[in-house]
Amino acid sequence: MLALKGTAIKRKSPLQKEEALAGILFALPSLSGFALFFVIPFFMSLYYCFTEGIGGTRFVGFRNFESLLKSESFLLAAKNTLIFNAVAVPLIMVLSLGFAMLLNTGIKGLPFYRSCFILPLVVPVASVILVWQILFNEHGALSQLFQLFGLPAVDWINSQWSVAVLVLLYTWKNCGYNMVLFLAGLNSIPREYYEAARIDGAGFWTCFTRITLPFLAPTGFFVLVLSFVNSLKVFRESYQLAGNYPDMHIYMLQNFMNNNFTNLNYQRLSSAAFLMFAIISLMVLVLFRLESRLGRDLE
Amino acid sequence: MIHAAGGQAALKKRAGKGIIYILLTLASAALLFPLVYMVCNSFMESREVMKAYALLTGNSGISSDAKRLSIHLIPERVSLIQYYQALFRKPTFLVMFWNSVIVTVPIVVGQTLVSALAAYAFAKLRFPFRDQIFFLYIIVMMMPFQVTLVPQYITLRKLDLLGSHLAVILPGIFSTFGVFLLRQFMIRIPDEYSEAAKIDGAGHLRIFASIILPQCKGALASLAILVFADNWNMVEQPLIFLNNELMHPLSIFLSRINTSELGVAFACGILYLLPTLFVFLYGESYLIEGIQRSGIK
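This one's a predicted model, so the numbers in the text were calculated from it and none came from an experiment. Note that residues are indexed from 1 along each chain, following the sequence as it is written. Think of it this way: whatever chain is written first is A, whatever ligand is written first is 1, and the rest follow in order. Only residues with pLDDT of at least 70 are given local features in this predicted model, and only at 80 or more are side-chain atom pairs given and counted; all residues enter the totals for whole chains, interfaces and linings.

Participant: Looking at this structure, I do not really get the overall build of chain B. What am I missing?
Facilitator: Each helix is a run of H or I in the DSSP string that is no shorter than four residues. Each strand is a run of E no shorter than two, and both are numbered from the N terminus. For chain B, the helix and strand inventory stands at 15 helices and zero strands. For a compact globule of 297 residues, the expected C-alpha radius of gyration is about 19 Å, and chain B comes in at 25 Å, more than 25% above that figure. In terms of its C-alpha atoms, chain B occupies a principal-axis envelope of roughly 85 × 80 × 30 Å. Residues are called buried when their C-beta atom has 20 or more other C-beta atoms within 10 Å, exposed when it has 12 or fewer, and partly exposed otherwise; all C-beta atoms are positioned from the backbone. Taken over 297 residues, chain B has a buried fraction of 44%. We call two residues in contact when their backbone-placed C-beta atoms lie within 7 Å. Expressed as a percentage of contacts within chain B between residues at least 6 apart in sequence, the contacts between residues at least 24 apart total 79%. With the radius of gyration taken over C-alpha atoms, the globule rule is written as 2.2 Å times the number of residues to the power 0.38.

Participant: Please explain unusual backbone geometry as it appears in this structure.
Facilitator: Leave glycine aside and you will find that most residues have negative phi; peptide bonds, for their part, are mostly trans. Residues and elements named next belong to chain B. One non-glycine residue, F129, lies in positive phi territory at about 60 degrees. Structurally, F129 can be placed in the loop between α5 (91-124) and α6 (130-142). On the neighbour-count criterion, F129 (12 C-beta atoms within 10 Å) is exposed. The phi dihedral of D160 falls on the positive side, at around 60 degrees, and the residue is not glycine. Within the secondary structure layout, D160 lies in the loop between α7 (149-158) and α8 (166-173). Judged by the 10 C-beta atoms lying within 10 Å of it, D160 is exposed.

Participant: Looking at this model, I keep getting lost on the interface of chain B and chain A. Mind explaining?
Facilitator: Bring the parts together and some accessible area is lost; that lost area is often taken as the interface size. On the chain A side, the residues contacting the 78 residues of chain B number 76 residues. Taken together, the residues of the side of chain B that touches chain A break down into 54 nonpolar, 17 polar and seven charged. By the convention adopted, Pro, Cys, Tyr, Trp, Phe, Met, Ile, Leu, Val and Ala count as nonpolar, Lys, Arg, Asp and Glu as charged, and the other residues, Gly among them, as polar.

Participant: Help me understand the packing of helix α5 (residues 110-122) of chain A against helix α8 (residues 162-187) of chain A, please; the structure alone is not making it clear to me.
Facilitator: The angle between the axes and the distance between the axes are what describe a pair of packed helices. Residue and element names in this part refer to chain A. Lines are fitted to the C-alpha atoms to define the axes, a helix being fitted only along its stretch in contact, and any angle between axes, read from their N-to-C directions, falls within 0 to 180 degrees. The interhelical angle for the contact between α5 and α8, taken along N-to-C directions, is 125 degrees, at an axis separation of 7 Å. Regarding the angle of α5 to α8, the classification is oblique. The handedness of the crossing between α5 and α8 comes out as left-handed. Of the residues in α8, those in contact with F117, I118, P120 and L121 of α5 are W172, K173, C175, G176, Y177, M179 and V180. A per-class count over the contact of α5 with α8 returns nine nonpolar, one polar and one charged. The labels follow the angle: roughly parallel below 35 degrees, roughly antiparallel above 145, roughly perpendicular from 65 to 115, and oblique for the rest. It is the rotation of the near helix from the far one that decides the hand of a crossing: anticlockwise by less than a right angle makes it left-handed, clockwise makes it right-handed.

Participant: What is the right way to read the confidence of the model for chain A from this model?
Facilitator: Where the model shows low pLDDT, its predicted coordinates should not be examined in detail. One number per residue, pLDDT, summarises how confident the predictor is, and it ranges from 0 to 100. Residues with a pLDDT of 70 or more make up 93% of chain A, whose mean pLDDT is 84. This stretch, residues 1-9 of chain A, has a pLDDT under 50; its non-local contacts, to residues over four places away or in other chains, come to two contacts.

Participant: Is there a simple way to explain the environment of N41 of chain B in this structure?
Facilitator: Position of N41 of chain B relative to the elements: it lies in helix α1 (residues 2-42). Once the C-alpha coordinates of N41 of chain B and I270 of chain B are considered, the two residues, 229 residues apart in sequence, prove to be 9.8 Å apart.

Participant: Looking at this model, I keep getting lost on the packing of α5 of chain B against helix α9 (residues 177-186) of chain B. Mind explaining?
Facilitator: Residues and elements named next belong to chain B. Relative orientation of the contacting elements α5 and α9 amounts to 50 degrees, with a least axis distance of 8 Å. Compared by their axis directions, α5 and α9 come out oblique. Between α5 and α9 lies a crossing whose hand is right-handed. Residue-level inspection shows Q111, T112, S115, A116, A118, A119, Y120, F122, A123 and K124 of α5 in contact with α9, the latter providing G178, V179, L182, R183 and M186. Its residues assigned to classes, the contact of α5 with α9 comprises nine nonpolar, four polar and two charged.

Written out as structure tokens, the structure is:
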């Protein structure tokens, strides 16, 4: 902002003006679509947050947010979303880093294994969801395995275990993306550091905590943000697995918002959407800040 | 002594390698399992499938087998009947397949085009509020669909597009992901090339078309593949913006036929994922490069 003011006072040279004009023209198609489908309607829905009645005729202040925070279905959805994130994100981080490290040990067949990990990324969940239903049905393969050991059969998709099934689906789908990012990060660490550390008698654990982790921090932050963002997009998988009305343990914020849309409760939906927008933006901002501070500490 | 120690270390190393191979192979097998399962089952006769998974369809009174859902991999008789049924006896399948195509292809082409132009502006040209706008782009890129649901619905209603495929296509074209990804590539292109062209009197359009774009071929391919894979699998948008079920893409149709028409479901699933599989086999290296670039700031 300061820089912009400076240039305004100094007056731009014709060449700079021409470049600015060209920049705006090149970005124009994208900018107009962005404004049309995201920015302008965003402010319109912000207006919904503070009004009441069809079409938003009466101003009600923060009452929509109050009733939202008191609504049981919203609280349940928020709780479930939180639980899903708390389980899925750390799990996928550890798994993708672990497998990236295994792949980075100079083994043969790296391209083959890598392909296996990335393939689920392009495979549409809808095309393989049948397999999940066969494995996790109450009388499905996993329950039969359980009964073999004298344990009771479980209806995995329609019980508290549905979270686990969804976490599995999410991990299956997204592990490859994260792994490729981690692999690139691992590759950028100079080998000499490890060799020098070995000579000084450092073991695997010391190398891991003193060399791998610090150097991988920027990648790690990005993967963290990405995993978090992706886990909020898990509605797709949840819909394929359990339809519009899933078990109450995987009733997420996205389900809550979808249902309110179907019930034409735009005020409530907009308030929830705005709250989510604010929380995600804040979290991303904090993570990026944290990362740049950590980056400075390393240098 | 030294020899023995060396030999032991080598042995330990080799054992470690072996464990790594076993772990990786097990993980790969688990990741591929759903695919392999679908392929195997797609070559079964409809009758065999119906019998094995009767429980999924809800009428389990056929035989004692039907009380369970076991893993069933090897067909009793290899048959193409499911594929034949899906392709020639189920017109709705082809309609839905076509719906997926006419939604996905325009999004891939449109988003790549619009994003390439904008990415050039964001990466190489200076204009007011450039970085602030780009930050907004990133934030919007990260939002789940439901957050922008109402805004998009309002716009589409005003434009009278609800219920047409354009309602799904247009917001897809203007997704900010493409701009983000292509900018990551373009910002790495050294400025010297365009400076030299500028001295020779080339305008921005000329520089964009003959210097920047040719160097971004791989990037464009990466973007096209990622956008294709994402939108081929689209669920939320058609569910809300397209009321007519006959306009829905395969992704939604499939989750419904899984139970009602189990006899062809496996072949439908395989036919549905074939396009993405081809794209993957053809462009895997671009895909990997695209993923890596998305992680560099």
